[in-house]
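Topology and contacts: notes
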Amino acid sequence: MVDPSRLLVLLALREQGSVTRAAEQLRRTPPAVSQQLARLENEVGAQLVERHAHGVRLTPLGTRLAEQAERIAAALDDATADAARFRDEHRNRLRLGAFPTAGLALLPETLAALRHRHPGAELSVVDLGPAEGIDRVAAHQLDLALVGEYDEALDVPPGVRLVHLLDDPVHAVLPSDHPLAERVEPRLHDFRDDTWACAPRSLPNRRQLEAAARAEGFTPKVAFEFESYAVAEAVVSAGVAVSFIPRLAIGEAAGTVHRPLASGLHRRIHAAVPNSTRHAPLTDVFQQLLHDICADLGRRT
């Protein structure tokens, strides 16, 4: 197969009429141009250029191949122009994903700050879980995804890296008349006799709680199972259960109080981003804004 880059050398020789001027056009040295020409002639098995006193001229076969090279050069120019247009069109594009808590607690302030800095930003957000967010970043369908991680490490492919943003502490959410409502930092063991409202066993937050309970010598009595923290908190407000919810997900329902646990259980929040330097320009800006906002949240919680 003929090397297309060597055909472009042949085209430069036709246009310039000398090895020296062709080398200047291609930004190469004359010996490099002569070497590429020799390799091309070897590939096709025929002489392509004739030398004369004032430079070079192409043989009939060289002329035909130079015509092919013209089409290659035009196609490369079109591809370069298309790439430039794409970069210009998507320079201000930022495609985001977030799990529900992050969507409520982190995105509004961060999006507002980004819009203030870049009024022309083209933003989009989808609601999804950690695994799907990471997969979409890996597939270049998202520029950044906010993901939550409990004690079970997330599966991160080579094309993605996790940037830690915040440790979100798990709080006990209690009816306001609960005997432990005034306790500053209750232990998980203090709730051994309570009825719990928790996530299903299929979810990592439930598994984290049950493992911590076993470590403290008891098995929790779970009567209410909900994936939604808001629904679990509503059940607590009815006075029939206690729940354990990351701080950022607590909605301050009437008739409830929340207290940090002495065990230090928490959920880690990360930004999943492409593991390369080639990514949407606004990704770094948004990531820094997230860092600033999460640092402020960490000081307040």
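Just above, that's the structure.
Residues numbered from 1 in each chain as written. Predicted model: local features only at pLDDT ≥ 70, side-chain atom pairs only at ≥ 80, totals over all residues. Heavy atoms only, no water.

**Concerning unusual backbone geometry**
In this structure, His140 takes a positive phi of about 65 degrees despite not being glycine. Mapped onto the fold, His140 is located in the loop between α7 (130-138) and β5 (144-149). Given a relative accessible area of 59%, His140 falls into the exposed group. A positive phi angle, close to 60 degrees, is found at Glu252, a residue other than glycine. The residue Glu252 is located in the loop between β9 (242-246) and β10 (256-260) in this model. (Helix = DSSP H or I, 4+ residues; strand = E, 2+ residues; numbered from the N terminus. Buried < 20%, exposed > 50% of the residue type's maximum accessible area, 1.4 Å probe, protein only.)

**Focus: the pairing of strand β1 (residues 49-52)**
Judged from the four bridges that link them, β1 and strand β2 (residues 55-58) form a sheet pairing that is antiparallel. Bridge pairing in β2 places Arg51 opposite Val56. A loop of two residues connects β1 with β2, the two strands running antiparallel in sequence. (Pairing = 2+ DSSP bridges.)

**Observations regarding the pattern of salt bridges**
One pass over the full model with this rule turns up 14 salt bridges. A salt bridge links Asp143 to Arg95, with the nearest nitrogen and oxygen atoms 3.1 Å apart. Taken together, the residues span a long stretch of sequence, with Asp143 in the loop between α7 and β5 and Arg95 in strand β3 (residues 93-98) at a distance of 48 residues. Take Asp143 and Arg95: they sit in the same class, and that class is buried. Connected through shared salt-bridge partners, Arg201, Arg206, Glu210 and Glu225 make up one network. (Salt bridge = Lys/Arg side-chain N within 4 Å of Asp/Glu carboxyl O.)

**A closer look at the nonpolar core**
Formed by 25 residues in total, the largest nonpolar core has its most connected members in Leu106, Leu144, Leu146, Leu165, Ile269, Phe286 and Leu290. When contributions to this core are tallied by element, the ones reaching two or more residues are β3, α6 (107-117), β5, β6 (160-175), β11 (266-274) and α10 (281-300). Ranked by the residues each element gives to this core, the list is headed by α10, at seven residues. Once residues within four sequence positions are removed from consideration, Leu290 is found in contact with Leu106, Thr110, Leu144, Leu146 and Leu165. Membership of the second largest hydrophobic core comes to 20 residues, among which are Leu10, Leu11, Ala12 and Leu65. (Core = buried A, V, L, I, M, F, W, Y, C linked by side-chain atoms within 4.5 Å. Contact = heavy atoms within 4.5 Å.)

**What about the packing of helix α1 (residues 4-16) against helix α3 (residues 30-44)?**
For the pair α1 and α3, interaxial distance at closest approach is 9 Å and the crossing angle is 115 degrees. Considering how the two elements wind past one another, α1 and α3 form a crossing that is left-handed. Here Ser5, Arg6, Leu7, Val9, Leu10 and Leu13 of α1 lie close against α3, whose contacting residues are Val33, Gln36, Leu37, Arg39, Leu40 and Glu43. Grouping the constituent residues of the contact of α1 with α3 by class yields seven nonpolar, two polar and three charged. (Axes fitted to C-alpha atoms, helices over the stretch in contact; angles between N-to-C directions. Left-handed = near helix turned anticlockwise from the far one by under 90°. Nonpolar A, V, L, I, M, F, W, Y, C, P; charged D, E, K, R; others polar.)

**Some details on the packing of α1 against helix α2 (residues 19-26)**
Interaxial distance between α1 and α2 falls to 8 Å at its minimum, and their mutual angle equals 120 degrees. Taken together, the axes of α1 and α2 are oblique relative to one another. The two elements α1 and α2 meet at a crossing, and its hand is right-handed. Contacts between α1 and α2 involve Leu8, Val9, Ala12, Leu13, Glu15 and Gln16 on the former and, on the latter, Val19, Arg21, Ala22, Gln25 and Leu26. (Parallel < 35°, antiparallel > 145°, perpendicular 65-115°, else oblique.)

**Remarks on the side chain of Gln36**
Note on placement: Gln36 falls in helix α3. Relative accessible area serves as the criterion here: at 12%, Gln36 is assigned to the buried category. In contact with Gln36, other than residues within four places in its own chain, are Ser5, Arg6, Val9 and Arg28.

**Things to note about the environment of Thr283**
Along the chain, Thr283 turns up in helix α10. Taking the C-alpha atoms as reference points, Thr283 and Arg95, separated by 188 residues in sequence, lie 8.9 Å from one another. Once residues lying within four places of it in the same chain are set aside, the contact partners of Thr283 are Leu94, Asp143, Leu144 and Val273.

**Quick word on the packing of aromatic side chains**
Counted under the stated rule, the structure contains three aromatic pairs. Taking 5.3 Å as the distance between ring centres and 80 degrees as the angle between the ring planes, the aromatic pair formed by Phe191 and Phe244 counts as edge-to-face. You can see Phe191 sitting in the loop between β6 and β7 (195-198) and its partner Phe244 sitting in strand β9, a full 53 residues away along the chain. The buried category is assigned to Phe191, whose relative accessible area is 0%. Since its relative accessible area comes to 5%, Phe244 is described here as buried. Taking the centre distance of 4.4 Å and the plane angle of 50 degrees together, the rings of Trp196 and Phe244 count as tilted. (Phe/Tyr/Trp six-rings, centres within 6.5 Å; stacked < 30°, edge-to-face > 60°.)

Note that every value here comes from positions in space, so none of it alone points to a role or purpose.
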